[in-house]
Amino acid sequence: MATPSLNDFPKPTSITGGCLCGAIRYKVDFPAEHDFLKASTSCQCTQCRRNTGTLVLFSHAVLSTAVTYLTPTTTLKNFNASPGIQRGFCVECGSFVYWRDESQEEVYMTIGCIDPEYLMGEEGKTEGFGFALVNGSGDNVFCENELKGVREGWVGKTGKRWQKGTSYGVLMP
Ligand SMILES: [Zn+2]
Ligand SMILES: [Zn+2]
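Residues numbered from 1 in each chain as written. Chains lettered and ligands numbered in written order. Predicted model: local features only at pLDDT ≥ 70, side-chain atom pairs only at ≥ 80, totals over all residues. Heavy atoms only, no water.

Give a detailed account of the coordination of the zinc ion (ligand 2), specifying residues and quantitative values.
Around the zinc ion (ligand 2), the protein contributes the donor atoms C43 (SG), C45 (SG) and C48 (SG), which lie 2.1 to 2.3 Å from the metal centre. Motif for the zinc ion (ligand 2), donor spacing along one chain: C-x1-C-x2-C. On the basis of relative accessibility, which here comes to 3%, the residue C48 falls in the buried class. (Donors = N, O, S within 2.8 Å, 3.2 Å for Na, K, Ca; no water. Buried < 20%, exposed > 50% of the residue type's maximum accessible area, 1.4 Å probe, protein only.)

For the sheet that holds strand β12 (residues 140–141), give the residues involved together with the corresponding values.
On the basis of which strands lie adjacent, the open sheet formed by seven strands has the order β6-β7-β8-β9-β4-β3-β12 and mixed pairing. Edge positions in the open sheet fall to β6 (76–82) and β12, since each of these has one partner strand only. Here strand β3 (residues 40–43) runs beside β12; their pairing, made up of two bridges, is parallel. Residue pairing for β12: S42 is matched across the bridge by N140. (Pairing = 2+ DSSP bridges. Helix = DSSP H or I, 4+ residues; strand = E, 2+ residues; numbered from the N terminus.)

Can you tell me about the coordination of the zinc ion (ligand 1), naming the residues and giving the values?
Angles at a metal have ideal values that depend on geometry: 109.5 degrees with four tetrahedral donors, 90 or 180 degrees with six octahedral donors. Listed as protein donors to the zinc ion (ligand 1) are C19 (SG), C21 (SG), C90 (SG) and C93 (SG); their distances from the metal cover 2.3 to 2.4 Å. Each of the four donor atoms around the zinc ion (ligand 1) contributes to a set of angles spanning 106 to 115°, which defines the coordination as tetrahedral. Sequence spacing of the donors to the zinc ion (ligand 1): C-x1-C-x68-C-x2-C. (Tetrahedral: all angles 85-135°; square planar, octahedral: opposite > 155°, others 65-115°.)

Pulling in residues and values, what's your account of the UniProt feature "domain: CENP-V/GFA" (unreviewed entry) in the protein?
Here the UniProt-annotated "domain: CENP-V/GFA" (unreviewed entry) positions come out as residues 15–130. Taken end to end, residues 15–130 has its terminal C-alpha atoms 11 Å apart, with 10% of it in helix and 44% in strand. (UniProt positions renumbered as here; feature names shortened; annotations may be inferred.)

Residues and numbers for the sheet that holds strand β1 (residues 14–18), please.
Ordered in space as β1-β2-β5, the three strands form an open sheet in which the pairing is antiparallel. Lying at the two open borders of the sheet, with one neighbouring strand each, are β1 and β5 (67–69). Within this sheet the neighbouring strands show an average axis-to-axis angle of 25°, counted without direction. Bridge count between strand β2 (residues 25–29) and β5: three bridges; the pairing is antiparallel. For Y26, the partnering residue across the bridge sits in β5 and is Y69. (Axes fitted to C-alpha atoms, helices over the stretch in contact; angles between N-to-C directions.)

Structural data, given as structure tokens:
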């Protein structure tokens, strides 16, 4: 598969999303210089698996200043499975909305909470931006946890494949 270029796919100027019960709704406004390739990331660590109940967490990194909450955030709580790493979730419905490293400017919005009209498009209304949001061209971490025979070919084909976190510094082929 050829490495995609930023000009190859439609990109949104903004997206909305929210938790499963709707108590938390947000909007993300992308700055003109937003790199939709670098920002598309995945994680296969056991914490993310337990948090989502799925094999792979796909997320899209944006500056925290680009996120506006459209609802009160009274049901939004942070859980720290590791020191300094926040996992934002809704206490009503359990949706995992974002994760962030408290020492960094970025917040990683979980792909599953982005509204489907942005992910898949809506007939006659909006084109989907799924590839812009989930292309796997950024950091794909904890690839050592891939389930052999299941995960090959999905994550990190065009991006860097990190064995553990990026700070651990080990790339996988
Ligand atoms: Zn909720
Ligand atoms: Zn993880």
